[in-house]
Amino acid sequence: MSHDPHPSPSVARGIDPRGPRVGAGITALLLAVTLLLGASQAALWLLTFIALSFLLGALRGAQGTWQGWVFKTIVQPRLGPTAEREDPRPPRFAQGVGFVITGVGVVLGFTVSLVAVPVAAALALVAAVLNAAFGLCLGCEMYLLIRRFAPAR
């Protein structure tokens, strides 16, 4: 991950970067199921669950989600510790981006057309797969780009 040009003392400890990647893998699996369900009520409810999971991540950080709990309690003990740490703010921002994308799909699915559900799921799936498989977090990169051009406080 790129370096934030405006570091904050409040993020000194950082988070295990493997956590958000595992979370993205879990989310990618759920989004793939949503796509397989197509433009259906079942897909709409699953996308609603995913959107609420993203909202939780935007509010509490990626480590404060149910996927973060799965990583911390099941996956991380099997992987062992790592000295590598990353700023928790970019993944938190990315969770907000995921919420916006899936949230729009949910709102449109409930109000306009169920076709919006697999479209939103497909967009979010691309980002989740890039993060899980390649460590490329599009939302994190957006955060860093915004910070690079934002004036320092």
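Everything below is about the structure printed above this text.
It should be emphasised that the depicted structure is a prediction, and the values quoted were computed from it without experimental measurement.

The rules behind each value
- Here the residue numbers are simple positions, counted from 1 along each chain's written sequence.
- Given that the model is predicted, a residue must reach a pLDDT of at least 70 before its local features are reported, and side-chain atom pairs must reach 80 or more before they are shown or counted; all residues, however, enter totals for whole chains, interfaces and linings.
- Based on all heavy atoms of the structure, the side-chain values leave hydrogens and waters out of the count.
- Two aromatic rings from Phe, Tyr or Trp, using only the six-membered ring of Trp, form a pair when their centres are within 6.5 Å; if the ring planes differ by under 30 degrees the pair is stacked, by over 60 it is edge-to-face, and anything between is tilted.
- Note on conventions: DSSP H or I runs of at least 4 residues are helices, E runs of at least 2 residues are strands, and numbering of each starts at the N terminus.
- Only protein chains enter the accessibility calculation, which uses a 1.4 Å probe; a residue is then buried when its area is under 20% of its type maximum, exposed when over 50%, and partly exposed in between.
- Any Lys or Arg side-chain nitrogen located within 4 Å of an Asp or Glu carboxyl oxygen qualifies as a salt bridge.
- The term nonpolar core refers to a set of buried residues drawn from Ala, Val, Leu, Ile, Met, Phe, Trp, Tyr and Cys, joined through side-chain atoms within 4.5 Å.

K.L.:
What is the right way to look at the packing of aromatic side chains in this model?
P.N.:
How two aromatic rings sit relative to each other is given by the distance of their centres and the angle of their planes. Enumeration over the complete set of coordinates arrives at 3 aromatic pairs. Seen from their ring centres, Trp 45 and Phe 110 are 5.2 Å apart, and the 75 degrees between their planes marks the pair as edge-to-face. You can see Trp 45 sitting in helix H2 (residues 41-60) and its partner Phe 110 sitting in helix H4 (residues 89-111), a full 65 residues away along the chain. When the ring of Phe 49 is compared with that of Trp 66, the centres are 5.7 Å apart and the planes differ by 40 degrees; the resulting orientation is tilted. Of this pair, Phe 49 sits in helix H2 while Trp 66 sits in helix H3 (residues 66-79), and the two are 17 residues apart along the sequence. Exposure remark for Phe 49: the relative accessible area of 39% places this residue in the partly exposed category. Given a relative accessible area of 29%, Trp 66 falls into the partly exposed group.

K.L.:
Can you help me understand the pattern of salt bridges in this one?
P.N.:
Any two side chains of opposite charge can pair, given that their charged atoms come close. Summed over the entire model, instances satisfying the criterion amount to 2 salt bridges. Linking Asp 16 and Arg 18 is a salt bridge whose minimum nitrogen-to-oxygen distance equals 2.7 Å. We classify Asp 16 as buried; its relative accessible area is 7%. With a relative accessible area of 22%, Arg 18 lands in the partly exposed category.

K.L.:
Please clarify how the nonpolar core should be interpreted in this entry.
P.N.:
Grouped burial of nonpolar side chains is what soluble globular proteins tend to show. Judged by nonpolar contacts, the single largest core of 16 residues is most densely connected at Leu 31, Leu 47, Ile 50, Val 106 and Val 117. Counting only elements with at least two residues in this core, the list comes to helix H1 (18-37), H2 and helix H5 (116-134). Top element by residues in this core is H2. It accounts for 7 residues.

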